[in-house]
Amino acid sequence: ANEALEATLVPHTHQEFVKKSKSYYEKVKGARKGVEFRSNAAAILREEAMYKKIQEKEARLIREYEGNLRDSSKFEEWKAREEEKEVKKREEVIRQRKLDSEQAAVNARK
């Protein structure tokens with residue numbers, strides 16, 4: 001078993017093989033600069049899936065944005081009604097204090 005293993009390792013460690021593989025990788029490395037990409041069906045489908053994913057994300061963001069855009073007129077009406085209630089409540093408290101202070105003054109004179 002060791003002899004078979006050594007037989008497979010010898011060509012890879014041989015100096016000639018190292019020189020050949022080095023020149024091969026240099027050729028490949030230099031050739032990569034001008035390589036033209038050929039798209040196949042799988043690459044096209046991956047790219048299409050990527051674009052669909054991006055479009056879905058953008059559509060979701062737009063729907064969320066539109067959902068957050070509400071007609072503020074109802075809120076403004078509610079706000080005005082609540083402010084009016086608060087003003088009436090404050091006026092009532094002030095009127096009640098005046099009455100209490102007048103009554104206290106009358107009681108103090110007796």
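As the structure is a computational prediction, the values presented were derived from the model and not from experiment.

Undergrad: Which residues make up the overall build of the protein, and what values go with them?
TA: Each helix and strand in the protein was counted, giving 4 helices and 0 strands. When the helices and strands of the protein are placed in sequence order, the string is α-α-α-α. In the protein, which comprises 110 residues, the share counted as buried stands at 1%. Carbon together with sulfur atoms contributes 55% to the accessible area of the protein, which is approximately 11300 Å² in total.

Undergrad: Can you tell me about the confidence of the model for the protein, naming the residues and giving the values?
TA: On average, residues of the protein carry a pLDDT of 77, and 66% of them reach 70 or more. Ranking the elements of the protein by mean pLDDT puts helix α1 (residues 2-13) last, at 51, and helix α4 (residues 73-109) first, at 92.

Undergrad: Tell me about the pattern of salt bridges, and name the residues and values.
TA: Evaluation of the coordinates by the stated rule reveals 5 salt bridges. K52 serves as the salt-bridge partner of E48, at 3.6 Å between the closest nitrogen and oxygen. One end of the pair, E48, and the other, K52, are both in helix α3 (residues 41-68), 4 residues apart, so they sit about a helical turn from each other. Judged by its relative accessible area of 37%, E48 falls in the partly exposed class.

Undergrad: Pulling in residues and values, what's your account of a nonpolar patch on the surface?
TA: Taken together, the side chains of M50, Y51 and I54 make up a nonpolar region of the molecular surface, amounting to roughly 290 Å² of accessible area. By the secondary structure assignment, M50 is in helix α3.

Cut-off values and rules
- Residues numbered from 1 in each chain as written.
- Predicted model: local features only at pLDDT ≥ 70, side-chain atom pairs only at ≥ 80, totals over all residues.
- Heavy atoms only, no water.
- Helix = DSSP H or I, 4+ residues; strand = E, 2+ residues; numbered from the N terminus.
- Buried < 20%, exposed > 50% of the residue type's maximum accessible area, 1.4 Å probe, protein only.
- Areas by Shrake-Rupley, 256 points an atom, 1.4 Å probe, with all protein chains shown as cover.
- pLDDT = per-residue confidence, 0-100.
- Salt bridge = Lys/Arg side-chain N within 4 Å of Asp/Glu carboxyl O.
- Patch = residues over 30% accessible without salt bridge, like charges linked within 9 Å, V, L, I, M, F, W, Y side chains within 5 Å.

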